[in-house]
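Observations on chain architecture
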Amino acid sequence: MNTQEIIDLIATSKKKTLTVAYVQGKLKKLDFKLLEFFGNDTFGIIFGEYNEIVEFLKKNTENIEKYKLEIKARNSAISLADLSKYNARIEPGAIIRDLVEIGDGAVIMMGAVINIGAKIGEGTMIDMNAVIGGRAIIGKNCHIGAGAVVAGVIEPPSAQPVVIEDNVMVGANAVILEGVRVGKNSVIAAGAVVIDDVPTHSVVAGVPGKIIKQVDEKTKQKTQIVEGLRKLR
């Protein structure tokens, strides 16, 4: 999807305030209608829209003794992705929006956030608390380090997405700004802020990021991809 298509999708989508209600009372007599209910005659859990659940609770005060509401999202435009469709390792706590592509054998670690329209290549690891912005494109066998930020480009519509080519290593807490292309087999040092395109086989460090050398054998040894971490069986 291009930027305008994503903007139109968000703008026209029905906004949802997803809510969970834990209820206790005389539940056998209640008609839950379109609300999803899981439980027994005296205790259960309701899933649904906030307004619909609140209206239901008000109408049934005589039979509901106690309840507790948890709002999971407020006026959310895009749902989270169905993780079952990915042939990848996705650890608990990762947040992946719908319309994200994740290649076979990729690894998404705890706390990582991947926004709508992003593409993650085969065998790529998105490490803990890394943020992959909307429409970012990351190639195969990359490693995006913990806390790194790959800028998204949902707004403004004219912005170009970040493109990270194959076999790129991005260090912890590095930032790659919108429109930047990082060439294959490159290394971005921890904490670097990359504002310009990076040629292939380059090592970039500093704020703003500068090319400090070409990738050599010593660099390759320090940034080696571990295949065992990407095996699903």
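Below or above, wherever it landed, is the structure these notes cover. (Residues numbered from 1 in each chain as written. Predicted model: local features only at pLDDT ≥ 70, side-chain atom pairs only at ≥ 80, totals over all residues. Heavy atoms only, no water.)

Considerations on the layout of surface pockets
To locate leftover empty space, one rolls a probe as large as a water molecule over the atoms. Taken as a whole, the largest pocket spans an internal volume of roughly 240 Å³. Leu30, Asp31, Phe32, Lys33, Leu34, Leu35, Glu52, Glu55, Phe56, Lys59 and Asn60 are the residues that line the largest pocket. Considered as a void within the structure, the second largest pocket measures approximately 200 Å³ in volume. Along its surface, the second largest pocket is lined by 13 residues, and Asn167, Met169, Asn185, Lys220 and Thr223 are the ones closest to its centre. For the lining of the second largest pocket, the class distribution of residues is four nonpolar, seven polar and two charged. (1 Å grid on protein atoms, 1.4 Å probe; cavity = no way out; pocket = protein on both sides within 12 Å on 5 of 7 lines; lining within 4 Å. Points joined across faces, edges and corners; volume = space filled by probe spheres on them. Nonpolar A, V, L, I, M, F, W, Y, C, P; charged D, E, K, R; others polar.)

Some words on the packing of aromatic side chains
Counted under the stated rule, the structure contains three aromatic pairs. Ring centres of Phe32 and Phe37 lie 4.1 Å apart, and the angle between their planes is 10°; on these two criteria the pair is classed as stacked. Residue classification places Phe32 among the buried residues on the basis of a relative accessible area of 12%. What makes Phe37 partly exposed here is its relative accessible area of 22%. Seen from their ring centres, Phe38 and Phe47 are 5.8 Å apart, and the 75° between their planes marks the pair as edge-to-face. Put simply, the rings of Phe32, Phe37 and Phe56 touch in pairs and so form one group of aromatic residues. (Phe/Tyr/Trp six-rings, centres within 6.5 Å; stacked < 30°, edge-to-face > 60°. Buried < 20%, exposed > 50% of the residue type's maximum accessible area, 1.4 Å probe, protein only.)

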